[in-house]
Amino acid sequence: MRVLCFAPEIPFPTCTGGRVRSFGMIRCLAQFASVHVLAIGDPAQLARPEVQRGFASIGVTVDAFLPTGPGRRLGLVEPRPHALWHYWSPALATAARAEMAQSPPDLAFFEEMVMAQYADLVSCPAVLDRQKVEWVYQRRVRTLIGGAPLLSPAAWLTP
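Residues numbered from 1 in each chain as written. Predicted model: local features only at pLDDT ≥ 70, side-chain atom pairs only at ≥ 80, totals over all residues. Heavy atoms only, no water.

### Let's talk about the overall build of the chain
Now for step 1: Helix and strand content of the chain: five helices and five strands.
Now for step 2: Residues classed as buried in the chain amount to 38% of the 159 residues present.
Now for step 3: Considering only intrachain contacts with a sequence separation of at least 6, the fraction spanning at least 24 residues in the chain is 60%.
Now for step 4: Counting every atom, the chain has about 9100 Å² of accessible surface; 61% of that belongs to carbon and sulfur. (Helix = DSSP H or I, 4+ residues; strand = E, 2+ residues; numbered from the N terminus. Buried < 20%, exposed > 50% of the residue type's maximum accessible area, 1.4 Å probe, protein only. Contact = heavy atoms within 4.5 Å. Areas by Shrake-Rupley, 256 points an atom, 1.4 Å probe, with all protein chains shown as cover.)

The following block contains the structure:
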């Protein structure tokens, strides 16, 4: 089985909670599949020996792509929310299209909602992993301090 993983950052070294979760998920996938990661980040980071060793230890290949960057794309009419531009990379999109054309994976794995903007580029089954479920967190906080949640689960589903 081949899995193409879309990551919002290079998940190694595991120095933050998000990277720990991402690397752990990728490590689990690599136990039963060949995993290739397309990540937002500085490609130079992949040349660091400790990063190469980290990914080699789990048998995963990784390519990193600089994002377009934060900020509004002036002159473009785009339905994409402003915050998603930080995770948009034309080079990553091109790499994903090339993988689909050459040898489509059996599964595409999208790490976090911000990477779902690449979902229309894949022609295989896909999984969107939403690690942070904000409304659950809000409900717990509001339960501790009293009162209703700030937003209900339904509020997150409406456009």
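### What to know about helix α3 (residues 90-102)
One turn of the α-helix equals 3.6 residues, which is why residues spaced by three or four share an orientation.
Now for step 1: Here α3 spans 18 Å end to end across 13 residues, near enough to the 18 Å set by a 1.5 Å rise per residue.
Now for step 2: Every buried residue belonging to α3 is among L92, A93, A96, E99 and M100, and all of these are buried. The arc enclosing the buried residues of α3, seen along the axis, measures out at 120°, which places them on a common side. With respect to the buried face of α3, the exposed residues turned more than 90 degrees away are A101 and Q102.
Now for step 3: On the buried face of α3, the contacting elements are β1 (2-7), β2 (34-40) and β3 (61-65). (Expected span 1.5 Å × (residues − 1). Arc of directions from axis to C-beta.)

### A closer look at the side chain of S89
Now for step 1: By the element assignment, S89 lies in the loop between β3 and α3.
Now for step 2: Relative accessible area serves as the criterion here: at 0%, S89 is assigned to the buried category.
Now for step 3: With near-sequence residues (within four places) excluded, S89 lies in contact with I40, F65, L66, P67, T68 and Y118.

### What about the environment of A126?
Now for step 1: Within the secondary structure layout, A126 lies in strand β5 (residues 126-129).
Now for step 2: Note: C-alpha distance between A126 and C5 (121 residues apart in sequence) is 9.7 Å.
Now for step 3: Apart from residues no more than four positions distant in its own chain, A126 is found in contact with L107, A108 and F110.

### Quick notes on the sheet that holds β5
Now for step 1: Strand order in the open sheet made by the five strands is β3-β2-β1-β4-β5, with parallel pairing throughout. Two strands close off the open sheet at either side, each with one partner strand: β3 and β5. Across the sheet, the mean angle from the axis of one strand to that of its neighbour is 15°, orientation sign disregarded.
Now for step 2: Packing against the sheet, helix α1 (residues 17-30) makes contact with β1, β2, β4 (107-111) and β5, and its axis sits at approximately 155° to β2. (Pairing = 2+ DSSP bridges. Axes fitted to C-alpha atoms, helices over the stretch in contact; angles between N-to-C directions.)

### Things to note about the pairing of β4
Side chains on a regular strand alternate between the two faces of the sheet.
Now for step 1: Within β4, five of the five residues are buried, which leaves it mostly tucked inside the rest of the structure.
Now for step 2: Burial along β4 is two-sided: the face carrying L107, F109 and E111 and the face carrying A108 and F110 are both buried.
Now for step 3: Here β1 pairs with β4 via four bridges, running parallel. What sits directly across from C5, in β4, is F109.
Now for step 4: The sheet contact formed by β4 and β5 spans four bridges and is parallel. Directly across from A108, in β5, lies its bridge partner A126.

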